[in-house]
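Fold and contact review
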There are 2 protein chains.
Amino acid sequence: MPDRIFNFSPGPATLPQEVLAQAAKDIINYNNKGIGLIEMSHRSKDFIAITDETEANLRLLLSIPANYKVLFLQGGASTQFAMVPMNLLTSDKTACYLNTGVWSKKAIKEAKLFGNVDVAYSSESSVFDHVPQQGDYTVPAEAQYLYFVSNNTIYGTQYHSFPSHETLVCDMSSDILSTPIDISKFGIIFAGAQKNMGPAGCAVVIIRDDLLDRVPENIPTMFKYKTHADSGSMYNTPPCFAIHTIGLVLKWLKGLGGISVMDAMNQEKADLLYAAIDKTDFYKGHAKVSSRSRMNVTFNLPTPELEAKFITEATAIGLDGLKGHRSVGGVRASIYNAFPKQGIQQLVQYMDEFEKKNG
Amino acid sequence: MPDRIFNFSPGPATLPQEVLAQAAKDIINYNNKGIGLIEMSHRSKDFIAITDETEANLRLLLSIPANYKVLFLQGGASTQFAMVPMNLLTSDKTACYLNTGVWSKKAIKEAKLFGNVDVAYSSESSVFDHVPQQGDYTVPAEAQYLYFVSNNTIYGTQYHSFPSHETLVCDMSSDILSTPIDISKFGIIFAGAQKNMGPAGCAVVIIRDDLLDRVPENIPTMFKYKTHADSGSMYNTPPCFAIHTIGLVLKWLKGLGGISVMDAMNQEKADLLYAAIDKTDFYKGHAKVSSRSRMNVTFNLPTPELEAKFITEATAIGLDGLKGHRSVGGVRASIYNAFPKQGIQQLVQYMDEFEKKNG
């Protein structure tokens, strides 16, 4: 194997090499303090400084307004599927969901445990090959919140303009920090870290202050947003390593020039790959063009046999993790923020050669 | 600072240096695969092998019977405070709790959200300076389970013989793997990793199979033990780095000779420190002798001023993290499995010298 493969995994996903190097150094001896990062008390001055700096850089990069709290929680986005309705929905109320794939379906299932759920739109009948545009659905007036998934990893679809609601809740796990957004349009944004932000084991939640007052008193302490907002995510021992590594990723992103620079890089990377798909009939994109994701590019080859061969031979030359999700099949190239352009250039070249040999 | 201080922190806590070195190496390039450990898909063969080996070693070290599942969850022990009653208690039923400190109090608070709670014993009136013996309390016949905390980090108390119940639930966060136990006497054992097992960000749950059938259907997917039992802790992305590091700690423990060897080492370490406390009136242990913990040794000096001086001067010579919890004050030396004997020898020597200068 080469020192470093190109890792197209949908998550946990590739991270910047300089982040890995720094995390490795810090694990053994943090800042020459004679103690490893993962051995430090979460209440130590050093670790609190890490958390504060990580939050400050996230606020800076995303221009998070002062009336929003940033929380670092455990349990991944899947726990948020339950926490959102547990905190914002009651049995006599309704929430509105846009169903654009496996992740929204799972969120809908959890919400139904707590109240009424109105699924205002579903693209399931076309294997979730697109996301809705405004006008494609109606949000009931009584909806406590409108929930959507900004990027759908499995199908390779992404919203390029967002739904609108007074309390807009977004699962942004797979495209947070990839493009500038206006946080003030959202009630809650949450995201598992293991795609664009860091390692698995931490979900970032950005929540507007007024929503904290809607949280019922009689829910378990750990599942109340208010608990974590009131304690600066230190109610109990937080996922220290994940928070630190997120901090390193944010510093890397800041060093590159921030989200608008990253946005342009992501556009360039996605354009390269979609151009390779579009120039031939051998490769066929799964997502409708207007819903195409810049994070996960999904496509098929003429037969499942060719797809299997494509993936196996790609792995052999260090282009790894390209197997599509079983519900779509085919190929999926996950090209999050930290995925290097050279990897896409190599993939495009490989696609050309593969088609010549097998087309 | 020296290359390595002695870290008496109650958790996250000191880890074996060889574990840190291996974790650091793996983060950059796992097993020469050209991919960092924290970048690998949790569904990859390599990561599944890590989880399987970690579970197998835990089963081996603790002699976990086949009718118990091992789960690697997020959210720490604090999430277990809610998950236990959510899974095992209903509003018309009763659970029995032994209150021996902050952690059991927090667990009692969560249980009350789900059903009746009988607190059969409390040592609160004596600042939790002891744990009860069997016979000190009566468990109601109708109790669905009996809950206790095997080691109380804040007060430095520990059970040296366990309560008994058909469904015995134990928060073993701070002394799991420190001494041989008979798992078959328990219904559920859970433990946050960040004391004896690894970094923060993972709680290990050991649960008897029959209890999985008692889990109500209508609770959120992520909070059901059954979800994680049925999916081998892979329902969603698990805390990969924490699981891997736990795996490294277990290999280290196996290499040392397993839990009975560790048990003897822990006894020797604790004996050294308690002997230093007992041989003078300058230092006074907080816990009653029969309840003394081998993991967290708590003691006071004649005045709060002397305690502050003791802690500050200790930190300056590389004996760090000795400040007691605010509810007890004084000094706390947390000496979990990975804490080296030399650190205790240095502490004992420092205690001698400090008393000579200030006594």
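This text goes with the structure placed above it.
These notes cover the structure that comes with them.

Some remarks on the overall build of chain A
Summing up its helical and strand segments, chain A has 10 helices and 14 strands in all. Taken over C-alpha atoms, the radius of gyration comes to 21 Å for chain A, in line with the 21 Å a tight globule of 359 residues would show. Out of the 359 residues belonging to chain A, those deemed buried represent 63%. Sequence-distant contacts in chain A: of pairs separated by 6 or more residues, those separated by 24 or more amount to 65%. Summed over its atoms, the accessible surface of chain A is roughly 13000 Å², and 51% of this surface lies on carbon and sulfur atoms. Averaging the coordinates of the 33 positive side-chain charges in chain A and doing the same for the 36 negative ones gives two points 2 Å apart.

A few points about the relation of the copies chain B and chain A
Relating the two copies of this chain is a rotation about some axis coupled with a shift parallel to it. Superposing chain B onto chain A takes a rotation of 180 degrees plus a shift of 0.0 Å along the axis, which leaves an RMSD of 0.0 Å. This pairing of chains is accounted for by a two-fold axis. The position closest to the rotation axis in chain B is occupied by the C-alpha of A24 of chain B, lying 2.1 Å away. The overlap is high: 100% of the interface residues of chain B also sit at the interface in chain A, so the same surface is used on both sides.

Thoughts on helix 2 (residues 45-62) of chain A
Residues and elements named next belong to chain A. For helix 2, which comprises 18 residues, the first-to-last C-alpha distance of 26 Å matches the rise-based estimate of 26 Å (1.5 Å per residue) to within 8%. Those residues of helix 2 lying buried are F47, I50, T51, T54, N57, L58, L61 and L62. Angular distribution of buried residues about the axis of helix 2 spans 130 degrees; they occupy a single face of the element. Pointing more than 90 degrees away from the buried face of helix 2 are the exposed residues K45 and L60. Looking at the buried positions of helix 2, the neighbouring elements they touch are strand 2 (68-73), strand 10 (203-208), helix 7 (240-256) and helix 8 (259-278). Backbone geometry just after helix 2 places S63 at a positive phi near 45 degrees.

Here we look at the interface of chain B and chain A
Contacts between the two partners involve 59 residues from chain B and, on the opposite side, 59 residues from chain A. Regarding the contact of chain B and chain A, the summed buried area is about 4300 Å², with carbon and sulfur atoms giving 60% of it. Summed over the shared surface of chain B and chain A, the result is 2 salt bridges. The partner of R4 of chain B in a salt bridge is E39 of chain A, and the shortest N-O contact between them spans 2.7 Å. Where chain B packs against chain A, one counts 22 residue pairs in polar contact (both at pLDDT 80 or more). Partitioning the side of chain B that touches chain A into residue classes produces 30 nonpolar, 22 polar and 7 charged.

Some words on helix 8 of chain A
All names here are of chain A. In this model, helix 8 (20 residues) spans 27 Å end to end at C-alpha, consistent with the 28 Å of a helix rising 1.5 Å per residue. All of the buried residues along helix 8 are I259, M262, N266, K269, A270, L273, Y274, A276 and I277. One side of helix 8 carries all its buried residues, which in axial view fall inside an arc of 150 degrees. On the buried face of helix 8, the contacting elements are helix 2, helix 7, strand 11 (284-285), strand 12 (296-300), strand 14 (331-334) and helix 10 (341-358).

Re the packing of helix 7 (residues 240-256) of chain B against helix 8 (residues 259-278) of chain B
Residues and elements named next belong to chain B. The geometry of helix 7 relative to helix 8 is characterised by a closest axis approach of 7 Å and an angle of 85 degrees between their N-to-C directions. With respect to each other, helix 7 and helix 8 are oriented roughly perpendicular. Only I259, V261, M262 and M265 of helix 8 make contact with helix 7, whose side of the interface consists of W252, L253 and L256.

Some thoughts on the pairing of strand 2 of chain A
Residues and elements named next belong to chain A. Burial runs high along strand 2: 5 of the 6 residues are buried. Pairing of strand 2 with strand 10 involves 6 bridges; the strand directions are antiparallel. Residue pairing across strands places L73 opposite A203, the latter belonging to strand 10.

Remarks on the sheet that holds strand 12 of chain A
Residues and elements named next belong to chain A. Across the sheet, which stays open at both edges, the 3 strands sit in the order 11-12-14 with antiparallel pairing between neighbours. Edge strands, defined here as strands with exactly one partner in the open sheet, are strand 11 and strand 14. Pairing analysis gives 4 bridges linking strand 12 to strand 14, with the strands arranged antiparallel. Within strand 14, the position partnered with T298 by the bridge is R332. The strands that helix 8 touches are strand 11, strand 12 and strand 14; relative to strand 12, the one it contacts most, it runs at about 10 degrees.

Things to note about the nonpolar core
Among the nonpolar cores identified, the biggest contains 121 residues, and L62 and L177 of chain A together with L62 and L177 of chain B are the most heavily contacted of them. Ignoring sequence-local partners within four residues, the contact set of L62 of chain A consists of I176, L177, I181, I183, I206 and I259 of chain A. Counting 64 residues, the second largest nonpolar core, distinct from the first, contains V84, V169, V205 and Y225 of chain B.

So, how was this worked out
- Residues numbered from 1 in each chain as written.
- Chains lettered and ligands numbered in written order.
- Predicted model: local features only at pLDDT ≥ 70, side-chain atom pairs only at ≥ 80, totals over all residues.
- Heavy atoms only, no water.
- Helix = DSSP H or I, 4+ residues; strand = E, 2+ residues; numbered from the N terminus.
- Rg over C-alpha atoms; globule rule 2.2 N^0.38 Å.
- Buried < 20%, exposed > 50% of the residue type's maximum accessible area, 1.4 Å probe, protein only.
- Contact = heavy atoms within 4.5 Å.
- Areas by Shrake-Rupley, 256 points an atom, 1.4 Å probe, with all protein chains shown as cover.
- Lys, Arg positive; Asp, Glu negative; His and termini not counted.
- Charge placed at Lys NZ, Arg CZ, Asp CG, Glu CD.
- Least-squares fit on C-alpha atoms with pLDDT ≥ 70 in both.
- Expected span 1.5 Å × (residues − 1).
- Arc of directions from axis to C-beta.
- Buried area = accessible area lost by both parts, 1.4 Å probe.
- Salt bridge = Lys/Arg side-chain N within 4 Å of Asp/Glu carboxyl O.
- Polar contact = N/O pair within 3.5 Å; in protein donor to acceptor, adjacent residues only side chain to side chain.
- Nonpolar A, V, L, I, M, F, W, Y, C, P; charged D, E, K, R; others polar.
- Axes fitted to C-alpha atoms, helices over the stretch in contact; angles between N-to-C directions.
- Parallel < 35°, antiparallel > 145°, perpendicular 65-115°, else oblique.
- Pairing = 2+ DSSP bridges.
- Core = buried A, V, L, I, M, F, W, Y, C linked by side-chain atoms within 4.5 Å.

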